[in-house]
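Observations on the model geometry
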Amino acid sequence: MRFLSGGLILAKAKLVELDLSDNAFGPIGIEGVTGLLQSETCYSLRELRLNNNGLGITGGKILAKCLQECLDLSSTSETPFRLRVFVCGRNRLENEGGKAIAAVLKGMGSLEEIQMPQNGIFHAGITALADASKYNRDLRHLNFNDNICSEIGAVAIADVLQHLQNLEVLNLGDCLVRTKGALALAEALRDGHSKLKELVLGFNEIDNEGAIKIVESLEKKELLTKLDLNGNQLGEEGCELVKGMMKGIGKEDAIGSLSEDEGENEDDEDEEEEDEDENEIEEEEQDEEKSETNEVVVPAVECTTEEFLAEPTAGKLMGLGNDRVSRLLDHLSNKEIESYVDAFIKVSSVVKSANDHLIEISSECVDEILVKGFRVAAENGTTSILSNSFLVHLGLIKSEDKKIKPPNDLSGCLLVLERAVQQRYFPRETRDVIRMFLSSRLSKSIEQTGMIKHQLMQTLYKFQ
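Throughout what follows, the structure given in this document is the object of discussion. This structure is a prediction, so every number in the text was calculated from the model and none was measured. (Residues numbered from 1 in each chain as written. Predicted model: local features only at pLDDT ≥ 70, side-chain atom pairs only at ≥ 80, totals over all residues. Heavy atoms only, no water.)

1. Observations concerning the side chain of Asp261
Mapped onto the secondary structure, Asp261 falls in the loop between helix H10 (235–248) and helix H11 (267–293). No salt bridge is formed by the buried Asp261. Its closest oppositely charged neighbour is Lys243, at 10.0 Å. In this structure the side chain of Asp261 is engaged in a polar contact, spanning 2.8 Å, whose partner is the backbone nitrogen of Gly235. Not counting chain neighbours up to four residues away, the residues in contact with Asp261 comprise Asn230, Gly231, Asn232, Gln233, Leu234, Gly235 and Cys239. (Helix = DSSP H or I, 4+ residues; strand = E, 2+ residues; numbered from the N terminus. Buried < 20%, exposed > 50% of the residue type's maximum accessible area, 1.4 Å probe, protein only. Lys, Arg positive; Asp, Glu negative; His and termini not counted. Salt bridge = Lys/Arg side-chain N within 4 Å of Asp/Glu carboxyl O. Polar contact = N/O pair within 3.5 Å; in protein donor to acceptor, adjacent residues only side chain to side chain. Contact = heavy atoms within 4.5 Å.)

2. What to know about the side chain of Asp146
If you trace the backbone, Asp146 turns up in the loop between strand E5 (141–143) and helix H7 (150–160). Accessibility expressed as a relative area gives 15% for Asp146, which makes it buried. Beyond its immediate sequence surroundings of up to four residues, Asp146 is in contact with Gln118, Asn119, Gly173, Asp174, Cys175 and Lys462.

3. Some words on the packing of H7 against helix H8 (residues 178–189)
In the contact formed by H7 and H8, the axes pass within 8 Å of each other and the chain directions differ by 5°. One way to sum up the angle between H7 and H8 is to call them roughly parallel. Within the contact between the two elements, H7 uses Glu151, Ala154, Val155, Ile157 and Ala158 and H8 uses Arg178, Lys180, Gly181, Ala184, Leu185 and Ala188. Its residues assigned to classes, the contact of H7 with H8 comprises seven nonpolar, one polar and three charged. (Axes fitted to C-alpha atoms, helices over the stretch in contact; angles between N-to-C directions. Parallel < 35°, antiparallel > 145°, perpendicular 65-115°, else oblique. Nonpolar A, V, L, I, M, F, W, Y, C, P; charged D, E, K, R; others polar.)

4. Some thoughts on the pattern of salt bridges
In total, this model carries 20 salt bridges according to the counting rule given. Between Lys243 and Glu240 there is a salt bridge, and its shortest N-O distance comes to 4.0 Å. Taken as a pair, Lys243 and Glu240 lie in helix H10 at a separation of three residues, close to a single helical turn. In this structure, Asp432 and Arg435 form a salt bridge, with 2.9 Å as the shortest nitrogen-oxygen distance. Here Asp432 pairs with Arg435, and both are found in helix H19 (residues 428–440), just three residues apart, close to one helical turn. Residue Arg435 is classed as buried on the basis of its relative accessible area of 13%. What you see here is one network of salt bridges that share partners, running through Arg92, Glu94, Glu360 and Arg419.

5. Concerning the sheet that holds strand E1 (residues 17–19)
Reading across the sheet, the eight strands line up as E1-E2-E3-E4-E5-E6-E7-E8 and stay open at both edges, with parallel pairing between neighbours. The strands lining the two open edges of the sheet, one partner per strand, are E1 and strand E8 (226–228). In this sheet, adjacent strand axes meet at a mean angle of 5° when their direction is disregarded. Alignment of strand E6 (residues 169–171) against strand E7 (residues 198–200), held across three bridges, turns out to be parallel. Across the sheet, the residue bridging to Val169 is Glu198, located in E7. (Pairing = 2+ DSSP bridges.)

Encoded structure:
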C-alpha cells in the first residue's frame, strides 16, 4: 500500500475516487495509505470506498485521524477536501471506531452518501454517527444496516432526520430498532422528506402498530419505490393490512416481499424480552467502555519464533516485535500445509479477553498466515486438506496424529476465526465445512465459548 500511495503522490495525481474495498490489509494496511489520504493527491477526492478491509477499531481510528488531517491541511488550498461518498462497511469498527469516524464526518459538511453496514456498532456509536450526519445537509443515502442500533439508536436517527430533507435512501435493516424505534422514525418522516425513494426496515422486530405508522408516514412520498418490512412481527393479518394500506395510498408496487415475517408475538412476553435484550445491550456497551478505559497492557517477552510456537503467550507474541508477521511466515516456508492452521491456532489462542489491541495484532498475523496458506493450498490442490486441518485443530474431528490437541480455551481462536471467515481470501468451501461441523458436532471446549461460538455461526450463515 505504501508503494501504491507513493506512486500516486509522485505522479502528482488528483484523485476523484479511491476504492480499496475487499482487500484484507487491516490496520497495518491502512497505515500504508495515510500518507496518500493526507496529501494533495486526495484534496480533490470525492468518493472513498473502504468496504471489507478488516480495519477493526485500530484501523478505524487511524483512518479517522488521517481524514481529519486531510480536512485541516486542505482548508487553505484552492481545492479543499469535500468528500461526497464515504463507504466503510464490514470492518468491525465497533463503538470506538464508529465514534472516531463520526468525529471527522461531522466536520466535513459535504457528504451525500454514508454507508457503514455490518460494523458491530451499538447505539452509542450510532448516536454519534447520527449526530455527525445532521451536519451534512445534502445527505442522500444513509446506510447503517446490520449494526446493533436498538431503539435508542433509532430515536437518535429520528431526531436528526429533520435536518436531512434531501434523503433518498435510509437503510436500517437488521438493526433491532423494534416498534418503539419504528414509531419514532415514522413521526420524523411524516412531514417533509419529499425525495425519499427507499426505506429499509426489515428484520427489526417491528409489530403491526409500528408498521402501520411507517406506512402512514409515507403517504405523501411521491418518489417512493421501495419499502422493506420483511422479517418483522406482523402476522398474516398484519401483512395483508400493510399491503392493503400501501395499495390504498397508491404505492402497492413499492412494498417488498413479506414472506419471511416472523408472526405476531405475545405482547407481555415480547415486552419482557425487549427489556431483557435492552439491558443486555446496555451491559455490553458498559463492558466495552470499561475495556476502552481499562484495557490490560500486555508486557512484551522477547523470544524466537520457535519459542513462541512451542509455548504461545500474549507476551511472547508481542515480544516477536513489529516484524512478527514476516518472522512467522519465514518459519512456515516449506512446511506441511497443516502447519498454517497450527500457526493460526497458536497465534489466536493467546487472545484471552476483550483486549482490542491484542485482538488486532493476532488478527493481523492470522490474516497474513491464512492468505499464504490458502494460496499454497490452491497451487498444490490441497485446499481440502487445509479445511480438514481446521476441523482437527478445533476438536471437531479426531486426528490420527495424537500430538494434535486443541487448546482447552478456544474462545480466542473462534473470536479471531469469526473475523477471518469474513475476509475475501477465505474460501467458501472451507467456510461451508466449518459451518457444517460446528452445527452438528460440538466439543466440550467449543461449548464453553458460549456467545463467541454463536457469533461465529451467525457470521458463517450470512455467507450461505
